[in-house]
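Chains, contacts and geometry: an overview
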Amino acid sequence: MAHFQQLEVQLKPADYRSDIEPTWCPGCGDFSVVAACTKAFSELKLPPENIVQVSGIGCSSRAPLFMKSYSVHTLHGRALPVAVGIKLANPNLTVIVQTGDGDLFSIGSGHNPHAARRNIDLTVICMDNQIYGLTKNQVSPTSREGLYGSLTPYGTIDKPLNPIATMLAYGATFVAQTYSGNPKHMTEVIKQAIVHRGFSFVNVLSPCPTFNRVDTFKYYKSRTKDINKELGHDPTDYSKALELAFHDLDHYYDPNAPVPIGIFFKKETETYHDRVNAVKARYKAVDKPTPELIQSFVDACKPKAI
Amino acid sequence: MNILIGGKAGAGIKEAGKMLAQVLASMGYSVFGYVDYPSLIRGGHNFVILRFSEKDIYSVDRKVDIIVATDRRSVNLHTVSSKENTLWIVDEKIDMSNALKAPFKEVAPAFFKSSSILGVILKVLGISPEKGIPVVERLPQRDRNFFIYTEAYKSVPSLFKIEDKKIKKGIITTGNECIALGAVDGGLDFYVAYPMTPATSVLHYLAERQKELGIKAVHPENEIAVISMAVGIAYAGKRVMIGTSGGGFALMTETLSLSGMAEIPLVIYEAQRAGPSTGVPTYTSQSDLLFSLFAGHGEFPRVVIAPGYPQEAYYLARLAMNIAWKYQIPVILIGDKHLGESYFTVNLNRERVVENPIMWDKKEEYKRYCFTENGISPLAFPGTPGAVVKVTSYEHNEKGLTVESAESVLLMQDKRLRKLRTIKEQLLKNEKTVMISEYGKSDIALITWGSTAGVVEEVAKEMDLKVIRPLFIEPFPAQEVKRAIADVRRIVVVECSASGQLDKVLSMNGIKFHKTLRKYDGRPFFRDELKRILEKL
């Protein structure tokens, strides 16, 4: 029995598609992310009315528009706190954040540690193309050193941020990386992320064919290595996960280094709502106050009779 | 009578003031307490001025009748507050002639002095020791405090005879507590805030009472997360209020605009303090009026409400909750440190008033932003079968899908304008949007707003001047204000702002005035001070 609501009759992936045609460039990695998401929803038998997808601003943040689910297209960098609010208000919903490397790790980066450390049960899917697309070719926090962009004609001098290592350090209880050129792997990882009770982070290497001429499908094709199947990584081992994560970007500097994909870390532990419920039970809190309870509170506020 | 109590920050000065106020209120007096404290925890100087009377009062005087100085610094600092006949009560170690000596330190060594201060003052005022017992009993370390209180009481003579009036006027409360209770009675489910003086006490108050009130108080990582979470909470169908001061509100403005565009109901409590920037964090100001009116990019309907008293704060917070959900808009409740943290004597009649918003009737296909005559589109929340609610910060069509064509942009802007018109018509017609005094036969009228109401209305009553005070700044009750001043010769605008913000709002609405009185030192107007200025007019 899953901890989320499920349909009795499974819907087809196409049933989770909206009638809006994607507005992405031909060859964009994000197309297959939408395909993988709808496939995952179908296989998990999620009721469409129970899915809320929250996005920020950027090419990737358009993804929820192309799917038939509830969605909030928020502001640049603010998908995560809005998603947290939705989950706080209605814990029965399956809340998914669709975001990108600029949205999540540049303007919105301040929210990541707090959502992760609280282990709120939601899934963050970051379409990481190492470039800003919608604002036309500026480097992002995950761009490799030396990448050329419209603001970096001599190549960027900034070091790239490591999404996997950061999220692991912040306390995310499910951290994975997948690649949009591998739909099967991607669907499986997204499914597991949704099923995972707690804060799940999936970094999807999702090439931008228009602006990023380095981190392409061709580049990844020969380099991705499944850390679980090929390297035998056990995702319950946090130290090993961190060690692997620290080598995640080695391929930027070493042409022989692989691009690791797979589940780095996965640990089911108490979620934010588990802790809320524990505290509520301990202090006998109520969800809806009765008139008597309100009156007793009003009386308690009054000074004692003298 | 005005009593000033001064001493080191952390020495229990605020607490002593609150306890004394509670004792006096329990004896049937109306008490008002001004609390002055610096932005630090230990080592600075705190003081409280309490004024009490048989009449209802909402202000204090600068020149006081009794000064209680628990340390030498208080003597130096508060000499300006003394009059010819002021009674000084000073610590026995302080060398001061003509002062009553009290053993504040002696009876309470290495301890907060609140119970010793209370004992001394009650005795001097000729109030029986039993009156203080209920408030002392509520302190932690009850026995120790009770002993200190009794010793202090015995140490000084009785110089006044303050009688018990038997009938209580109300209890001691603050504007912030009343904002909190008003929101709760307006159906609050969540209060989300990042600590910021002077709004923090709403967060503390509600967090302490989550259990009794059935609400949830959330403290996210910053103010941007506060308002973003609130958007998520309201989208999912729960009633939410957020609270902050000017700096935090500045961080929220981008998302304020999102709540306007996406039509998300939000109540924002903005407790002003002296700015700009970090400013004078623990002091008062009315300098965010224009900011609250114009915050956020683009054009969208909003309501801005300015309570002047705790009773109004309660009622208007409750109303704000219902307005936000009825019209699906951000409602800004603008207060300040003076309203939020001063002690008032209030008789609050609580009543739960929760009006349900217009919901989708499930008859036709659901469209989140469906076009209606009044501009209000029915709501549906995530989890509702048969409806797909797409909400967006982009301009959108009825279904909530991004659009850019000229026709569709115009259509949705016009829908929001229709809503704006509905709000204006309905609120100005159905709600009390302006307070106009019944007194005031003279041909001078004072126009003021927010917490400056207390002192202005008290002085105006004494001097028989008319007072006009808008409770709603947006929509602004221009017609009513114009009617009220039609037969007035001279109009004076009184506010705590350096540049004059209310006068700009008046000018925008075509209301002429003759003189402005502005105070901008972080302190509210004092009664004697305002009276002196007005008498010169």
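Residues numbered from 1 in each chain as written. Chains lettered and ligands numbered in written order. Predicted model: local features only at pLDDT ≥ 70, side-chain atom pairs only at ≥ 80, totals over all residues. Heavy atoms only, no water.

Here we look at the overall build of chain A
Looking only at helices and strands, one finds 10 helices and 10 strands in chain A. Along the longest, intermediate and shortest principal axes, the C-alpha atoms of chain A span 80 × 45 × 40 Å. The proportion of buried residues among the 306 residues of chain A is 57%. At a minimum sequence separation of 6, the contacts of chain A that also span at least 24 residues come to 74%. Here chain A has roughly 13100 Å² of accessible surface; of this, 56% comes from carbon and sulfur atoms. (Helix = DSSP H or I, 4+ residues; strand = E, 2+ residues; numbered from the N terminus. Buried < 20%, exposed > 50% of the residue type's maximum accessible area, 1.4 Å probe, protein only. Contact = heavy atoms within 4.5 Å. Areas by Shrake-Rupley, 256 points an atom, 1.4 Å probe, with all protein chains shown as cover.)

A word on the overall build of chain B
Of regular secondary structure, chain B possesses 19 helices and 21 strands. In summary, chain B has a C-alpha radius of gyration of 25 Å against a globular reference of 24 Å for 537 residues, a match within 12%. Dimensions along the principal axes, computed over C-alpha positions, put chain B at roughly 80 × 55 × 40 Å. Relative to its 537 residues, chain B shows a buried fraction of 64%. Each charge class in chain B can be summarised by its mean position, and for the 70 positive and 61 negative side chains these summaries are 2 Å apart. (Rg over C-alpha atoms; globule rule 2.2 N^0.38 Å. Lys, Arg positive; Asp, Glu negative; His and termini not counted. Charge placed at Lys NZ, Arg CZ, Asp CG, Glu CD.)

Some thoughts on the packing of aromatic side chains
Each aromatic ring pair is characterised by the separation of its centres together with the angle its planes make. Applying the stated criterion to the full structure yields 18 aromatic pairs over all chains. Taken together, a centroid distance of 5.4 Å and an interplanar angle of 50 degrees make the contact between A:Tyr179 and A:Tyr220 tilted. Of the two residues, A:Tyr179 is situated in strand β7 (residues 174–179) and A:Tyr220 in helix α7 (residues 217–221); the sequence distance between them amounts to 41 residues. Comparing A:Tyr179 with A:Tyr220, the two get one shared label, buried. For the pair B:Trp325 and B:Phe381, a centre-to-centre distance of 6.2 Å together with 75 degrees between the ring planes defines the contact as edge-to-face. Here the residue B:Trp325 occupies a position in helix α13 (residues 310–327), and B:Phe381 occupies one in the loop between β14 (344–346) and β15 (390–392), the gap between them amounting to 56 residues. Looking at B:Phe381, the relative accessible area reads 19%, which means it is buried. The structure contains a cluster of three or more aromatic residues connected by ring pairs, namely A:Tyr179, A:Phe217, A:Tyr219 and A:Tyr220. Here the basic side chain of B:Lys14 rests over the ring of B:Tyr37, its NZ or CZ set 3.8 Å away from the ring centre. If you follow B:Lys216 out to its NZ or CZ, it ends over the ring of B:Phe190, 5.5 Å from the centre. (Phe/Tyr/Trp six-rings, centres within 6.5 Å; stacked < 30°, edge-to-face > 60°. Lys NZ or Arg CZ within 6 Å of the ring centre and 35° of its normal.)

A word on the pairing of strand β3 (residues 45–53) of chain B
All names here are of chain B. Most of β3 is tucked away: 9 of the 9 residues are buried. Residues His45, Phe47, Ile49, Arg51 and Ser53 of β3 are buried on one face, and the alternating residues Asn46, Val48, Leu50 and Phe52, pointing to the opposite face, are buried as well. Note that strand β2 (residues 30–36) and β3 share 7 bridges and pair antiparallel. Residue pairing for β3: Phe32 is matched across the bridge by Arg51. (Pairing = 2+ DSSP bridges.)

Observations concerning the sheet that holds strand β8 (residues 200–205) of chain A
Across the sheet, which stays open at both edges, the 9 strands sit in the order β9(A)-β10(A)-β7(A)-β8(A)-β4(A)-β3(A)-β1(A)-β2(A)-β15(B) with mixed pairing between neighbours. Lying at the two open borders of the sheet, with one neighbouring strand each, are β9 (224–226) of chain A together with β15 of chain B. The mean angle between the axes of side-by-side strands here comes to 20 degrees, regardless of whether they run parallel or antiparallel. Bridging between strand β3 (residues 94–100) of chain A and strand β4 (residues 123–128) of chain A involves 5 bridges; their strand directions are parallel. (Axes fitted to C-alpha atoms, helices over the stretch in contact; angles between N-to-C directions.)

Structural notes on the interface of chain A and chain B
Counting residues at the interface gives 49 residues for chain A and 51 residues for chain B. Applying the counting rule to chain A against chain B returns 1 salt bridge. Secondary-structure elements contributing two or more residues to the side of chain A that touches chain B are β2 (70–73), α2 (79–89) and α10 (291–301) of chain A. At 7 residues, the largest contribution of residues to the side of chain A that touches chain B is made by α2(A). Each residue belonging to the side of chain A that touches chain B can be placed in one class, and the counts come to 28 nonpolar, 10 polar and 11 charged. (Salt bridge = Lys/Arg side-chain N within 4 Å of Asp/Glu carboxyl O. Nonpolar A, V, L, I, M, F, W, Y, C, P; charged D, E, K, R; others polar.)

Concerning the nonpolar core
If you look at the biggest cluster of nonpolar residues, it comprises 140 residues, and the most contacted ones within it are A:Ile86, A:Phe199, A:Phe201, B:Leu206 and B:Ile323. If you tally residues by element for this core, the top one is α13(B), at 11 residues. Counting contributing residues, this core receives three or more from each of domain 2 (172–346) and domain 3 (436–536) of chain B. The contacts of A:Phe201, once residues within four sequence positions are left out, are A:Leu104, A:Phe105, A:Val124, A:Cys126, A:Pro163, A:Ile164, A:Met167, A:Phe174, A:Val175 and A:Ala176. The next biggest cluster of nonpolar side chains, apart from the first, holds 46 residues, and it includes B:Ile3, B:Ile89, B:Val124 and B:Ile172. (Core = buried A, V, L, I, M, F, W, Y, C linked by side-chain atoms within 4.5 Å. Domains from an automatic or database assignment.)

Observations regarding the pattern of salt bridges
Residues and elements named next belong to chain B. This model, assessed by the stated rule, comprises 32 salt bridges over all chains. The shortest N-O distance in the salt bridge between Glu458 and Arg51 comes to 2.6 Å. Linking Glu458 in helix α16 (residues 453–463) with Arg51 in strand β3, this pair joins segments that are 407 residues apart in sequence. The exposure class of Glu458 is buried, given its relative accessible area of 9%.

Section: helix α19 (residues 527–536) of chain B
All names here are of chain B. Taken together, the buried positions of α19 are occupied by Arg527, Glu529, Leu530 and Leu534. Buried residues of α19, viewed axially, fall in a sector of 165 degrees; they line one side. Pointing more than 90 degrees away from the buried face of α19 are the exposed residues Glu535 and Lys536. Buried residues along α19 sit against β3, β17 (444–447), α16, β20 (490–495) and β21 (515–518). (Arc of directions from axis to C-beta.)

Structural notes on the sheet that holds strand β19 (residues 472–474) of chain B
Residue and element names in this part refer to chain B. Spatial strand order, β9-β8-β10-β11-β13-β12-β19: 7 strands in an open sheet with mixed pairing. Sheet topology places β9 (216–218) and β19 at the edges, where each strand pairs with a single neighbour. Across this sheet, the average inter-strand angle for adjacent strands is 20 degrees, counted without regard to direction. Relative to strand β13 (residues 330–336), strand β12 (residues 303–305) runs parallel, the two being bridged by 3 bridges. Counterpart to Val303 in the pairing with β13 is Val331. The strands touched by helix α11 (residues 246–262) within the sheet are β10 (240–244), β11 (266–272) and β13, with β11 carrying the most contacts at an inclination of about 160 degrees.

Let's talk about a positive patch on the surface
Residues and elements named next belong to chain B. The grouping of Lys8, Arg72, Arg73, Lys93 and Lys105 at the surface amounts to a positive patch. Mapped onto the elements of the fold, Lys105 is located in helix α3 (residues 104–107). When its relative accessible area of 38% is taken as the criterion, Lys105 is described as partly exposed. (Patch = residues over 30% accessible without salt bridge, like charges linked within 9 Å, V, L, I, M, F, W, Y side chains within 5 Å.)

Regarding the side chain of B:Thr253
Residues and elements named next belong to chain B. Summarising the element assignment, Thr253 is placed in helix α11. Here the side chain of Thr253 touches Ala250 through a polar contact of 3.0 Å, landing on its backbone oxygen. When sequence neighbours within four positions are dropped, the list of residues in contact with Thr253 reads Phe291, Ala295 and Gly296. (Polar contact = N/O pair within 3.5 Å; in protein donor to acceptor, adjacent residues only side chain to side chain.)

Thoughts on the side chain of B:Ser115
Residues and elements named next belong to chain B. Relative to the helices and strands, Ser115 is located in helix α4 (residues 114–124). By relative accessible area, which is 0% here, Ser115 ends up buried. In terms of polar contacts, Ser115 uses its side chain to reach the side chain of Asn145, at 2.7 Å. With residues near it in sequence (within four places) discarded, Ser115 still touches Met19, Leu139, Asn145, Ile148 and Tyr149.

Side note on unusual backbone geometry
Residue and element names in this part refer to chain B. Residue Pro276 is reached from Gly275 by a cis peptide bond, and omega for that bond is -5 degrees. For the peptide bond that leads from Glu474 to Pro475, omega is -5 degrees, which places it in the cis range. Relative to the helices and strands, Pro475 is located in the loop between β19 and α17 (478–485). Although it is not a glycine, Ser277 sits at a positive phi angle of roughly 55 degrees.

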